[in-house]
Amino acid sequence: MKFKKGFTIASLGLSSMLLLAACGDDTASSSSSEGEAKDVSLRLAHNQGEDHPIHTSLEELAELTAEKSEESVEIGLFPNGQLGDERGVIELVKSGTLDMAKVSASALESFDSNYAIFSLPYVFQSEEHYFNVMDNSEAVQEIFQNTKDEGFFALGWYTGGQRSIYTADTKVETPADMNGMKIRVQESPTSIAMIEAMGGAPTPMSFGEVYTSLQQGVIDGAENNETGLTSNKHGEVAKAYTYTEHQYVPDVLIVSTSMWEGLSEEQQQAITDAAVESSESHKTVWADAIDQAITDAEEMGVTFYEIDKQPFIDAATPLHETYQSENEDSKRYFEDFQSYNE
Ligand code: GCU
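A quick note: this is a predicted structure, and the numbers were derived from the prediction, not measured.

Draft legend 1. Representation of the confidence of the model for the chain within the structure. Overall, the predicted model of the chain reaches an average pLDDT of 91, with 89% of residues at or above 70. Here strand β1 (residues 18-19) is the element of the chain with the lowest mean pLDDT, 40, and strand β4 (residues 100-104) is the one with the highest, 99. Segment residues 1-34: pLDDT under 50, and 67 contacts once partners within four positions in sequence are set aside and those in other chains are kept.

Draft legend 2. Main features of the pattern of salt bridges. Here the structure, examined in full by the defined rule, presents 11 salt bridges. A salt bridge links E86 to K102, with the nearest nitrogen and oxygen atoms 3.8 Å apart. Of this pair, E86 sits in helix α2 (residues 86-94) while K102 sits in strand β4, placing them 16 residues apart in sequence. Like E86, the residue K102 is buried in the burial classification. Across the pair E142 and R332 runs a salt bridge whose closest N-O atoms are separated by 2.8 Å. Of this pair, E142 sits in helix α5 (residues 138-145) while R332 is found in helix α13 (residues 330-339), placing the two residues 190 residues apart along the sequence. For E142, a relative accessible area of 30% gives the class partly exposed.

Draft legend 3. Broad picture of the packing of α5 against α13. The contact between α5 and α13 brings their axes to 8 Å, and the two run at 140°. Regarding the angle of α5 to α13, the classification is oblique. From α5, E138, A139, V140, E142 and I143 reach across to α13, where they touch R332, Y333, D336 and F337. Classifying every residue of the contact of α5 with α13 by side-chain character gives 5 nonpolar, no polar and 4 charged.

Draft legend 4. Representation of the site of the ligand in the model. Around the ligand, the structure places N47, Q48, E86, K102, S104, R163, R184, Q186, F207, N224 and D251. The separation between an oxygen atom of the ligand and a polar side-chain atom of R163 is 2.8 Å. Contacts to the ligand include R184, whose side-chain N or O atom sits 2.7 Å from an oxygen atom. Within the complex, 96% of the 320 Å² of free accessible area of the ligand lies under protein. Of the residues contributing to the shell around the ligand, the split by class is 1 nonpolar, 5 polar and 5 charged.

Draft legend 5. Structural context of a negative patch on the surface. On the surface, E50, D51, E59, E63, E67, E70 and E71 cluster together into a patch of negative charge. By the element assignment, D51 lies in the loop between β2 (40-45) and α1 (53-68). With a relative accessible area of 56%, D51 lands in the exposed category.

Here is what the cut-offs are and how they apply
Residues numbered from 1 in each chain as written. Predicted model: local features only at pLDDT ≥ 70, side-chain atom pairs only at ≥ 80, totals over all residues. Heavy atoms only, no water. pLDDT = per-residue confidence, 0-100. Helix = DSSP H or I, 4+ residues; strand = E, 2+ residues; numbered from the N terminus. Contact = heavy atoms within 4.5 Å. Salt bridge = Lys/Arg side-chain N within 4 Å of Asp/Glu carboxyl O. Buried < 20%, exposed > 50% of the residue type's maximum accessible area, 1.4 Å probe, protein only. Axes fitted to C-alpha atoms, helices over the stretch in contact; angles between N-to-C directions. Parallel < 35°, antiparallel > 145°, perpendicular 65-115°, else oblique. Nonpolar A, V, L, I, M, F, W, Y, C, P; charged D, E, K, R; others polar. Near = heavy atom within 4 Å. Polar contact = N/O pair within 3.5 Å; in protein donor to acceptor, adjacent residues only side chain to side chain. Areas by Shrake-Rupley, 256 points an atom, 1.4 Å probe, with all protein chains shown as cover. Patch = residues over 30% accessible without salt bridge, like charges linked within 9 Å, V, L, I, M, F, W, Y side chains within 5 Å. Lys, Arg positive; Asp, Glu negative; His and termini not counted. Charge placed at Lys NZ, Arg CZ, Asp CG, Glu CD.

Structure below.
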């Protein structure tokens, strides 16, 4: 079954999981391995364009899922934020109106404060440390499962690279340069606190508003990985990209608990395995895309600046203490993350 183009939120209806079986007990709400699995079509939303590396890897997720489930699970992609911004699609997945979404871990912080750890500046000391934690940490799995009773959980992750500051024209070399600068951040309390600690004026807004806000001077800058400059065209209006490398925020694949419980165990396994495999190959897709984004951004007139990051690290790391005293689990999570860097 193929989704029609031009699909809108109004046509989502109450449940977006389409059960395509000609027969069978469709009142079953728990998973089963008895072989009566129904064919399902799932909708997966995200806010990037079709030229973005995450779209490529989500296409791979869809292909692998079809293959591994013997064509019994189809995943249809809804890119470009057509089903809403990240906060909106998380709400939809949580309520079971939408099956799946790829969102930034930062956006999940407003739904479960434990997600704050992924937005903590300089919590990962290297890409190796980051991959190690994301692929192996039990704390990550615990955070991913935490919200299951609230309607959704995270099934997997995809690298979103490293985030750095970029501004319209004035390059940022030290925290003092950020004084008074309005820097767009994600709607994440930790990211807001981070820019404050670095000396800037944080301005939270949804991703879709960033281009126009930069263009109109509503904000002086933003922070993201290099694809923001090219795939999202921010490089047309922001010409100075400074490698503060303050965060590795993973992209997270969330699924609706009610949809999940309606799948057979084999279907659940097929999607889980496809998520792991596509996450792994996304690392290469991503690295290639970043090389290309840098070349393309330079052609757009963007200059990349390497700086001494230490003053930014010193300014932002007090947030690690704040996070650890956040709740009874946060210290344990933080220590678990650090143990993968030893
Ligand atoms: C990254 C991330 C998106 C997020 C965006 C943002 O591009 O992959 O999911 O929306 O950052 O800054 O909002």
